[in-house]
Amino acid sequence: MAAQKINEGLEHLAKAEKCLKTGFLKWKPDYDSAASEYGKAAVAFKNAKQFEQAKDACLREAVAHENNRALFHAAKAYEQAGMMLKEMQKLPEAVQLIEKASMMYLENGTPDTAAMALERAGKLIENVDPEKAVQLYQQTANVFENEERLRQAVELLGKASRLLVRGRRFDEAALSIQKEKNIYKEIENYPTCYKLSPGRGVAAGTVVQADETLSAPVGGAGKMSSESQEKSPERRAGSGPSPPPPVRARVRVCVCVCVWLCVWL
């Protein structure tokens with residue numbers, strides 16, 4: 001069965017090469033027919049589990065579509081080539097091709113498809129290279145945000161935030177969580193916004209910041225009380241060592257942090 005599929009794939013490759021040839025009566029290559037034959041070859045090689053040959057056929061299909069100015073179909077072929085690399089456990093190379101496909105989707109005017117491709121790439125690489133996954137999730141969120149699909153954008157930002165916290169990249173996590181909060185405010189999801197408040201303080205790195213973040217109004221309005229200002233790092237900087245935050249505040253923050261970690265991590 002496998003040998004039969006391999007032979008079928010080779011036949012389609014030969015037909016594709018024939019479509020690209022020019023001669024006295026044929027001045028221009030038939031890129032459309034060649035792309036179709038390369039696609040059929042890729043399917044045959046995939047069914048035979050010859051993923052390297054399937055990947056090569058997909059890449060040739062993509063080039064043929066590009067020459068035919070069919071960007072969407074070219075992007076699909078690049079994405080399929082990435083999936084073949086995934087089957088070979090070559091995840092970084094797979095992600096590169098899927099990223100290339102997403103850029104072509106954007107150029108073609110299909111941002112939703114670009115975002116879905118980027119999200120798939122993030123899921124592929126998440127366990128191997130969390131830093132790259134964070135970048136991909138943030139790119140996906142930006143695409144959704146540009147399309148004013150804020151609920152999808154904030155979902156992807158949440159994935160990025162959790163990976164940043166797990167990687168102990170707390171400064172970046174604090175910024176990411178703050179961006180989540182801003183979007184939740186924009187879509188008027190205040191309960192979720194409030195849940196994120198202690199997480200931002202923890203990511204920023206201090207109990208005092210977590211307590212002040214938790215106490216801040218959800219809408220961001222209002223001023224700090226004089227007591228909070230006296231406890232702020234700027235006020236304490238020139239006045240020598242100050243006593244630790246009250247035990248009650250520490251307990252309150254620790255409980256909120258535990259709840260936040262359980263809910264979001």
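Here's what I pulled together on the structure shown here. Every value quoted in this text rests on a predicted model; they were computed, and no experiment measured them. (Residues numbered from 1 in each chain as written. Predicted model: local features only at pLDDT ≥ 70, side-chain atom pairs only at ≥ 80, totals over all residues. Heavy atoms only, no water.)

1. What about the environment of A34?
Then, in step 1: Here A34 is to be found in helix 2 (residues 31-47).
Then, in step 2: With relative accessibility at 0%, the residue A34 sits in the buried group.
Then, in step 3: Taking the C-alpha atoms as reference points, A34 and H12, 22 residues apart in sequence, are found 9.0 Å from one another.
Then, in step 4: Setting aside chain neighbours within four positions, we find A34 in contact with A16, C19 and L20. (Helix = DSSP H or I, 4+ residues; strand = E, 2+ residues; numbered from the N terminus. Buried < 20%, exposed > 50% of the residue type's maximum accessible area, 1.4 Å probe, protein only. Contact = heavy atoms within 4.5 Å.)

2. Here's the deal with the packing of aromatic side chains
Then, in step 1: Applying the stated criterion to the full structure yields one aromatic pair.
Then, in step 2: Arranged with centres 5.5 Å apart and planes meeting at 55°, the rings of F72 and Y105 form a pair that is tilted. With F72 in helix 4 (residues 71-87) and Y105 in helix 5 (residues 91-108), the pair connects residues that are 33 residues apart, well separated along the chain.
Then, in step 3: With relative accessibility at 0%, the residue Y105 sits in the buried group. (Phe/Tyr/Trp six-rings, centres within 6.5 Å; stacked < 30°, edge-to-face > 60°.)

3. Structural notes on helix 6 (residues 111-125)
Then, in step 1: Compared with the 21 Å implied by 1.5 Å per residue over 15 residues, the 21 Å span of helix 6 between its first and last C-alpha is a close match.
Then, in step 2: With 11 of its 15 residues buried, helix 6 lies for the most part within the structure.
Then, in step 3: What helix 6 keeps buried is the set P111, T113, A114, A115, A117, L118, E119, A121, G122, L124 and I125.
Then, in step 4: Elements that come into contact with the buried residues of helix 6 comprise helix 4, helix 5, helix 7 (130-146) and helix 8 (150-166). (Expected span 1.5 Å × (residues − 1).)

4. As for unusual backbone geometry
Then, in step 1: Positive phi, normally seen in glycine, also occurs at K49, with a value near 60°.
Then, in step 2: Mapped onto the fold, K49 is located in the loop between helix 2 and helix 3 (51-67).
Then, in step 3: The phi torsion at Q89 lies on the positive side, around 65°, for a residue other than glycine.
Then, in step 4: The residue Q89 is located in the loop between helix 4 and helix 5 in this model.
Then, in step 5: In this structure Q89 comes out as exposed when scored by relative accessible area, which is 63%.

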